[in-house]
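# Summary of the model geometry
Read off the chains here:
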Amino acid sequence: MSEITKEATQEQLLYANILEKGMLIGLGLMFITFGLYVFGIMKPVVPLDQIAAYWSMPVGDYLAAINHNFMHMDHAPTGWAWLHHLGKGDFLNFLPVAILSGVTIVCYIAIVPGLFARNDKAMGLICMATAVILILAASGLLAVGH
Amino acid sequence: MLKRVKERAGLFFASLMCAVMLNPAWALASEVAAEVPMVPIIDGEGWWKWPLILLVVTFVMGIIAVLGGVGGGVLFVPIISGFFPFHLDFVRGTGLLVALCGALAAGPGLLKANLASLRLALPVALIASTMAIVGAMVGLALPTHIVQLSLGITILGIVAIMLSAKKSTIPDVPAADSLSSALRICGIYHEPTMKQDINWKVHRTPLGLATFVIIGFMAGMFGLGAGWANVPVLNLMMGAPLKISVATSKFLLSITDTSAAWIYVNKGCVIPMMVVPSLIGIMLGSFIGVRLLKVAKPTFIRWMVIGILLFAGLKATHKALTAMGVL
């Protein structure tokens, strides 16, 4: 294990660098995708002049209504279903959201080998457990609703 | 005789009800009523007004959050859910993304400067992020008015914490506990005001971790960033220096809010027309807020934040009690 110093540890710097890159990519992409959506360059599933009719509804009703009125799918678009609609301006905005929500998982996975290499087994196991939990949350397996 | 007539009438009524209820047309109608909710009729031309107002309000919110030393999420959810037409499900999802992006923006710098401690954050994050998932799932399963009432009470509780909580720049930690020693949760940072390097360690780690069970749950359930609770626990309970506590708390939100955000994203609680104006507003406001920090009066801003939260908490409580028919 390494000595305690004033400087950030190798894992901390690695984590920070990945986090920074993911954050910049995610935020940059968010501005681009929102521009494509709001300026009408990419047609959305829910037309812009109708979106206000939907945002006051509970999420379950909202999904059922947009599915019935615009999407006509067998199931409401939950989980990773947005991937099938990346050609639509509004659903394209899920991509930067997923990057911003996913970069922490990449950071965790990246620092695990270094922790074990330095015989920091307890922190390595904590990292692995957290990564599993975050992946489980991201997988969409934990579905609930009203 | 009368008994037989009653029996026949009863049978006829039962048969009629069965025929009606089992009729495919009825089944279809009930299915449609259950699956396709009524969409309110609105003026389609003015759709852009609310996102624009949201942008302006979150811009002001960003300034106040920086000056008041609170995260954007704790202001966002009660104010936007109380005064905007958006449903609480989307407000909580957006609130989490607002808090997450703020933490992602600040996190790398704080880690590189060694002010945010990865070793302190990792065990806490395991518990807080697990409980944030549970909180998000419970929050999405409960009826809206119950969540709104709990939110109002929580916001009033946060006001009480803000009024009563003290801060300790460098708390006295006589000895590290066995758990923090085993995990080597300690560090060194340079304190420029004292012109010296501070060796820090933490104590009461099991109690602190247990407290993050509640904090994580509430962060996920209400979509609030949890800086208001993280800092007192890290600083006063576990004994981390104030700067380390504030920085680690900010970084910690990037992990806690990630787990809860995924639950909301997978559930569909993301409307880009709400999320992006909110993020832009908060980020621009924070940018201006940092520059105003030199000239602002912190005491006045602190009281203003407490006043706003008190009002928003009462509004959320009132809204929930009205929906429940109590008021």
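Residues numbered from 1 in each chain as written. Chains lettered and ligands numbered in written order. Predicted model: local features only at pLDDT ≥ 70, side-chain atom pairs only at ≥ 80, totals over all residues.

### Focus on the overall build of chain A
Condition: By the criteria applied, helices consist of DSSP H or I runs no shorter than four residues and strands consist of E runs no shorter than two, each listed in order from the N terminus. Throughout, radius of gyration means the C-alpha value; the globule benchmark is 2.2 Å times the number of residues raised to the power 0.38. Neighbour density around each residue's C-beta defines its exposure: 20 or more other C-beta atoms within 10 Å make it buried, 12 or fewer make it exposed, and counts between make it partly exposed, where C-beta atoms are placed from the backbone.
Along its length, chain A carries five helices and zero strands. Counted from the first residue to the last, chain A has its helices and strands arranged as α-α-α-α-α. Whereas a compact globule of 146 residues would reach a radius of gyration of roughly 15 Å, chain A reaches 20 Å, over 25% beyond that. Its C-alpha atoms give chain A principal-axis dimensions of roughly 60 × 30 × 25 Å. The buried share of chain A, reckoned over its 146 residues, is 40%.

### Structural notes on the nonpolar core
All names here are of chain B. So the rule is basically this: Note on terminology: a nonpolar core is any set of buried Ala, Val, Leu, Ile, Met, Phe, Trp, Tyr and Cys residues joined through C-beta atoms within 7 Å. Whether two residues are in contact depends on their C-beta atoms, placed from the backbone: they are in contact if these lie within 7 Å.
Within the largest apolar cluster, 141 residues are counted, with the highest numbers of intra-cluster contacts made by Leu 97, Leu 100, Ala 121, Ala 128, Ala 136, Ala 260 and Tyr 264. Residue contributions to this core peak at 15 residues, all from helix α6 (residues 118-141). Not counting chain neighbours up to four residues away, the residues in contact with Tyr 264 comprise Arg 92, Gly 93, Leu 96, Ala 136, Cys 269 and Val 270.

### What to know about the pairing of strand β1 (residues 186-191) of chain B
Residue and element names in this part refer to chain B. Note the following rule: Any two strands are treated as partners once DSSP identifies two or more bridges connecting them.
When β1 meets strand β2 (residues 196-201), the two strands line up antiparallel, connected through six bridges. Bridge pairing links Gly 187 to Trp 200 in β2. Hairpin connection from β1 to β2: four residues lie between these consecutive antiparallel strands, with Lys 195 at a positive phi of about 50 degrees.

### Regarding the confidence of the model for chain B
All names here are of chain B. We apply this condition: Known as pLDDT, the predictor's per-residue confidence is scaled from 0 to 100.
On average, residues of chain B score 85 in pLDDT, and 87% of them are at 70 or above. Mean pLDDT across the elements of chain B bottoms out in helix α2 (residues 24-35) (43) and peaks in helix α8 (residues 178-182) (96). Confidence drops under pLDDT 50 across residues 9-34; counting only partners more than four residues distant or on other chains, this segment forms two contacts. Per the prediction output, this complex has pTM 0.86; the corresponding ipTM is 0.94.

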